[in-house]
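# Observations on chain architecture
If you want the building blocks of each chain, they are given just below.
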Amino acid sequence: MKKTHIVLLILVVAAIATIVTVFSDFSTYETFESASKEPGKTYYVIGHLQTDKDMIYDPKVDPNHFTFYAKDKSGNVQKVIFNGEKPRDIERSEQIVMMGYSEGNTFHCSRIQMKCPSKYKKDQIAVGNKS
Amino acid sequence: MDVQYIGEHLWPGRLGHFFVITSFVASLFSTFCYFTAVRTENDLPNSNKWRLLGRGGFILHTVSLISIFVALFYIIANHLFEYHYAWEHSSYSLPGEYLLSCFWEGQQGSFMLWIFWHCVLGLVVMGTAKSLETRTMTIISLVQVALGTMILGFYLGDDIKIGSTPFTLLRDAMQGAPIFQQANYMEFVKDGNGLNVLLQNYWMVIHPPVLFLGFASTLIPFAYCIAAMWKGDYQTFVKPTLAWSLLNGAVLGTGIMMGGAWAYESLNFGGYWAWDPVENASLVPWITMIAALHTLLIYRSTGRALTMTMILFAVTHLLIWYSTFLTRTGILGKTSVHAFTGDGAALTYHLLIVIGVLLIISLVALIARWRSLPRIKSEEETLSREFWMFIGSVILFLSSIQIIITTSIPVWSPLAKWITGKDFAPPSDVMQHYNNIQVWVAIIIGILSATVLYMKFKNTDGKALGKKLGLTALIALLMAAGIAWGQHITAWQYVLMLFAACYGIVANIYYGIVVQKAKFKKLGPSVAHLGFATVLLGILLSSYNKHPISFSTAGIPMDFGKKTQEENAKENSENVTLFRGIPVAMGDYFATYIGDSDVAGKDRRIYYKVQYERKDTVTNKVIERFMLYPDAFINPKGQQGLSANPSTKHYWNRDLFTFINAATDRSKTDTSTYRSHIVGKPGDTIWLNNGYMVFNGTNKNDLKNKRYVPAAGDEHLEFSLKVYDLNNEVKEINPVYIIKDRSYVSYVEDTLHELGLFARANLLIKHNDAGKDTVLTEILVRQTDPKDDFIVLKALVFPYINVLWLGIIVMVFGFFISLGDVLSRKVSARSADK
């Protein structure tokens with residue numbers, strides 16, 4: 001066997017080993033309920049903002065504390081604490097992806113990704129007055 | 001229902017659409033002619049005729065494409081909002097310099113840009129490819145056909161739509177909206193939707209064209225490789241492919257980092273690189289292109305690694321299409337912050353078909369020629385340049401595979417869910433995930449990139465090599481130790497990376513000066529590698545010690561599962577609330593929010609004035625004072641909230657990077673009311689929350705209040721008040737009292753934003769007991785509560801970020817030196833370098 005082949009073999013084995021370990025890095029999408037089975041472990045939860053419930057962000061008290069309620073895919077509503085500023089436009093979001101962990105009855109999240117209505121649905125025509 | 005619409009300008013759109021079709025047909029024609037020219041190659045006069053027709057077709061294609069640009073630009077520049085594209089992406093208030101950016105915001109415009117660069121590069125290839133012209137141009141024209149379908153907007157039956165044209169009318173794009181039942185609907189469409197505020201940045205004018213030129217220039221090496229295999233000629237293609245891949249390395253590299261610079265200057269995710277899928281999608285083809293470039297160098301000098309070269313160039317171009325697929329179809333939806341919103345299923349299938357066709361072409365060429373591709377049977381020496389260069393290329397390739405696997409999670413997760421039942425999501429700490437793996441690539445490539453230059457092709461004298469490298473390694477070790485100690489870099493894998501970067505810098509400088517005697521023409525590789533090592537150093541220094549200085553102490557402590565209290569606190573509170581006029585300690589600085597620009601300026605942003613002071617710790621004297629003006633668009637494009645732009649203080653050795661995360665909405669929070677004060681003679685004092693003001697008299701002429709412009713029939717009186725704040729700084733405030741047309745009273749306020757002070761003047765007539773009227777001067781004063789006026793700010797320090805920018809410039813410069821060297825060589829195949 002050529003030297004190149006040996007080195008290539010070693011590299012490929014190393015790469016496969018890396019990729020296998022990489023898989024353990026990947027998180028999973030869960031619901032509030034399945035996330036609460038392992039408190040403290042970080043998951044992603046996909047849900048919808050409950051606009052009819054309280055959204056509290058008061059930078060005068062704490063600029064890094066925003067609480068709201070979200071409904072996950074299985075329909076459970078839970079309180080969510082986000083340690084950051086209130087994300088822009090969250091009221092208009094169609095769907096939010098929250099990354100965080102469950103503790104007691106609340107979900108502590110450190111990242112929120114919002115899916116906003118797509119460009120084409122957002123299209124609204126501004127109708128002005130006839131002048 | 002047939003409505004005759006009024007006020008539409010239909011001819012630019014019709015003309016544009018005509019050119020869309022012409023350009024598509026011309027590219028089809030060009031492909032056919034060039035292909036026939038290849039097939040009739042043995043009948044030279046006939047083949048030459050077809051070749052000329054192919055050229056004509058491609059030129060017509062280019063001319064039509066430029067006409068499409070002109071037509072669309074005409075529509076955007078003249079604000080013809082009857083066209084969906086103009087309505088969606090521009091508005092009257094859009095500053096002129098951003099009109100071009102409207103092209104890139106939309107799907108079709110950016111496809112057009114891509115096609116345009118292919119045209120330009122195709123014309124160059126047409127003029128320079130000589131014996132490979134017919135084959136390369138067949139491939140290039142074919143890709144143009146594929147891209148042309150993207151902007152065709154052609155319906156097959158009712159359900160299948162191929163591409164979408166930029167000349168769609170608003171009423172066609174939004175069929176069924178009631179407004180279009182009126183013939184004069186144009187009278188109601190007053191303004192366009194406007195350009196996404198994030199794109200209103202000078203980097204966004206220049207970054208997309210450069211990046212797309214980088215994308216486009218991957219096509220040319222691809223076309224040459226396919227052409228070489230098609231013809232079975234493995235010599236002619238080497239020189240042009242090498243030249244084009246050097247250009248590609250420079251341009252795509254620049255484009256990617258311009259994107260980083262844009263992110264750094266105008267996005268607030270706090271840095272120039274976030275391993276975001278969209279960023280990765282353009283980085284990965286660059287990495288494979290660099291790998292391909294190096295295997296091609298091996299082939300040029302030793303005749304080895306040809307198969308790998310072909311594979312890597314094909315993969316690079318396919319990856320460009322794959323990244324288009326990732327970023328434009330919306331498949332990344334859940335994972336990326338700034339993926340384009342997708343055109344949905346139609347585009348997904350469309351792109352998959354194109355990728356499939358290109359993949360089949362590559363595979364057919366490779367499989368058909370697999371046995372006949374020249375190879376060298378003998379084994380390479382361990383101490384040869386080609387051996388280690390090959391290893392380096394393989395590692396780059398593996399690195400790109402890792403990045404693509406993680407980036408593509410949304411693509412393969414449905415399959416994985418079907419197999420394992422788990423719904424895979426990106427790693428919870430994406431940055432750490434990539435960094436942990438790619439740091440090893442950086443270490444290996446950093447060391448290899450300097451070492452291989454000292455080795456010769458074929459074989460190298462081990463002793464001489466060891467001597468030279470031992471010396472440079474020693475210098476690098478001292479340098480790395482010094483930096484690690486000075487910058488507190490302790491994590492051992494990053495210390496290794498630091499050493500690799502230092503070694504790369506020292507060894508490449510030594511090689512360029514001592515071994516190559518600084519002969520400019522030959523300096524390309526060592527300069528490019530020096531740049532790369534400098535980039536590694538810059539990334540390490542700026543990211544490892546990047547730290548927020550805006551800690552909030554007001555927070556409710558939360559446990560983030562970190563080891564120490566300090567780490568928890570850090571997670572908690574990288575935002576700080578600044579109340580107007582109250583200094584807050586941030587790192588070495590005291591930051592004070594002074595006030596905002598109140599009304600949006602011409603660029604429609606509100607600027608927030610924040611003063612920074614650095615004091616000597618012993619004497620408490622201010623040694624440095626400066627202002628930063630982070631700004632924000634308030635409620636842009638009909639959205640809620642603000643879209644912020646950072647403001648950065650640049651030092652030679654660090655950047656102070658600040659941006660606003662929230663600000664007061666005055667209309668909602670300001671509840672202060674006017675209080676009346678009666679002043680008699682000059683010298684009378686009015687007390688304020690944080691100072692006082694002194695009445696200074698009145699005047700009629702020579703007005704100081706700029707907000708008031710006297711009109712005919714006005715009687716006016718301006719009041720002068722001197723305002724003293726706590727620091728005894730004096731400012732003046734000049735409210736104006738006006739009687740209009742001798743009939744009614746009006747006023748013009750004056751304000752002092754630093755104090756949140758609003759003053760209004762009035763004259764009161766009072767009847768006293770003696771029946772005599774006296775005129776009293778009333779000053780109405782309102783002061784916003786500083787607690788009602790605040791901003792939420794985040795401030796980060798990036799140490800030595802200039803090292804990164806410098807490294808990129810050096811690296812790109814190195815690419816161009818090499819390019820010059822390649823172009824000036826007469827013989828292409830295996831000559832020098834031995």
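Residues numbered from 1 in each chain as written. Chains lettered and ligands numbered in written order. Predicted model: local features only at pLDDT ≥ 70, side-chain atom pairs only at ≥ 80, totals over all residues.

Scanning chain B from terminus to terminus reveals 22 helices and 24 strands. For chain B, the spread of C-alpha atoms along the principal axes amounts to about 120 × 80 × 60 Å. Per-residue burial over chain B gives 46% buried out of 834 residues. Restricting to contacts in chain B with at least 6 residues of sequence separation, those with at least 24 account for 69%. (Helix = DSSP H or I, 4+ residues; strand = E, 2+ residues; numbered from the N terminus. Buried ≥ 20, exposed ≤ 12 C-beta atoms within 10 Å, placed from the backbone. Contact = placed C-beta atoms within 7 Å.)

The next subject is the confidence of the model for chain A. On average, chain A scores 78 in pLDDT, and the residues at 70 or more come to 86%. Confidence, read as mean pLDDT per element, is least for helix 3 (residues 119–122) of chain A in chain A (34) and greatest for strand 4 (residues 66–72) of chain A (90). (pLDDT = per-residue confidence, 0-100.)

Turning our eyes to something else, we now look at the environment of G421(B). All names here are of chain B. Among the secondary structure elements, G421 is positioned in the loop between helix 15 (409–420) and strand 3 (424–425). You can call G421 exposed: it has 7 C-beta atoms within 10 Å. Counting along the chain gives 385 residues from G421 to T36, while the straight-line C-alpha distance between them is 52 Å.

On to the packing of helix 9 (residues 219–231) of chain B against helix 13 (residues 345–369) of chain B, then. Residues and elements named next belong to chain B. Contact geometry of helix 9 with helix 13 gives a least axis separation of 9 Å together with a crossing angle of 40 degrees. As the angle between them shows, helix 9 and helix 13 are arranged oblique. The hand of the helix 9/helix 13 crossing is left-handed. On the side of helix 9, the interface is formed by I226, M229 and W230, while helix 13 contributes I361, S362, A365 and R369. Split into classes, the residues belonging to the contact of helix 9 with helix 13 amount to 5 nonpolar, 1 polar and 1 charged. (Axes fitted to C-alpha atoms, helices over the stretch in contact; angles between N-to-C directions. Parallel < 35°, antiparallel > 145°, perpendicular 65-115°, else oblique. Left-handed = near helix turned anticlockwise from the far one by under 90°. Nonpolar A, V, L, I, M, F, W, Y, C, P; charged D, E, K, R; others polar.)

Okay, the domain arrangement of chain B next. We note that the domain assignment places domain 1 (1–195) and domain 2 (673–783) within chain B. Here domain 1 of chain B and domain 2 of chain B have C-alpha centroids that lie 62 Å from each other. (Domains from an automatic or database assignment.)

Let's shift gears to the sheet that holds strand 23 (residues 773–783) of chain B. Residue and element names in this part refer to chain B. Strand order in the open sheet formed by 4 strands is 14-23-22-21, with antiparallel pairing between adjacent strands. Each of the sheet's edge strands pairs with one partner strand only, and the pair in question is strand 14 (675–679) and strand 21 (750–752). Going across the sheet, the axis of each strand differs from the next one's by a mean of 35 degrees, ignoring polarity. By the bridge criterion, 11 bridges tie strand 22 (residues 757–767) to strand 23 in an arrangement that is antiparallel. Counted as the bridge partner of N762 is E778 from strand 23. (Pairing = 2+ DSSP bridges.)

On to the nonpolar core, then. Membership of the largest hydrophobic core comes to 205 residues, with the highest contact counts inside it found for C225(B), A501(B), L536(B) and I660(B). When near neighbours in sequence (up to four residues on either side) are disregarded, I660(B) contacts Y608(B), P630(B), A632(B), A644(B), I791(B), V792(B) and L793(B). Ranked by size, the runner-up nonpolar core spans 22 residues in total, among them Y43(A), V80(A), I96(A) and F107(A). (Core = buried A, V, L, I, M, F, W, Y, C linked by C-beta atoms within 7 Å.)

What follows covers the pairing of strand 18 (residues 730–733) of chain B. Residues and elements named next belong to chain B. Two strands pair when backbone bridges link them, and strand 17 (residues 714–725) and strand 18 are joined in this way by 4 bridges, in the antiparallel orientation. When the bridges of strand 18 are listed, V723 appears paired with K731. As consecutive antiparallel partners, strand 17 and strand 18 are separated by 4 residues, and within that stretch N728 has a phi angle of approximately 60 degrees, a positive value.

All names here are of chain B. Tracing the backbone through its elements, the reader meets L373 in the loop between helix 13 and helix 14 (385–407). The class for L373 is partly exposed, based on 15 C-beta atoms found within 10 Å. Separated by 252 residues in sequence, L373 and L121 place their C-alpha atoms 28 Å apart. Among residues more than four places away in sequence, those in contact with L373 are L306 and T307.

Right, let's talk about the packing of helix 9 of chain B against helix 12 (residues 306–328) of chain B for a bit. Helix packing geometry: the angle between the two helix axes and the distance between the axes. All names here are of chain B. Two elements in contact, helix 9 and helix 12, have axes separated by 9 Å at closest approach and are oriented at 135 degrees. Between helix 9 and helix 12, the angle falls in the class oblique. Judged by the twist between their axes, the crossing of helix 9 over helix 12 is left-handed. Together, L219, P221, F222, C225 and M229 of helix 9 and M310, F313, A314 and H317 of helix 12 make up the contact between the two elements. Partitioned by chemical class, the residues of the contact of helix 9 with helix 12 number 8 nonpolar, 1 polar and no charged.

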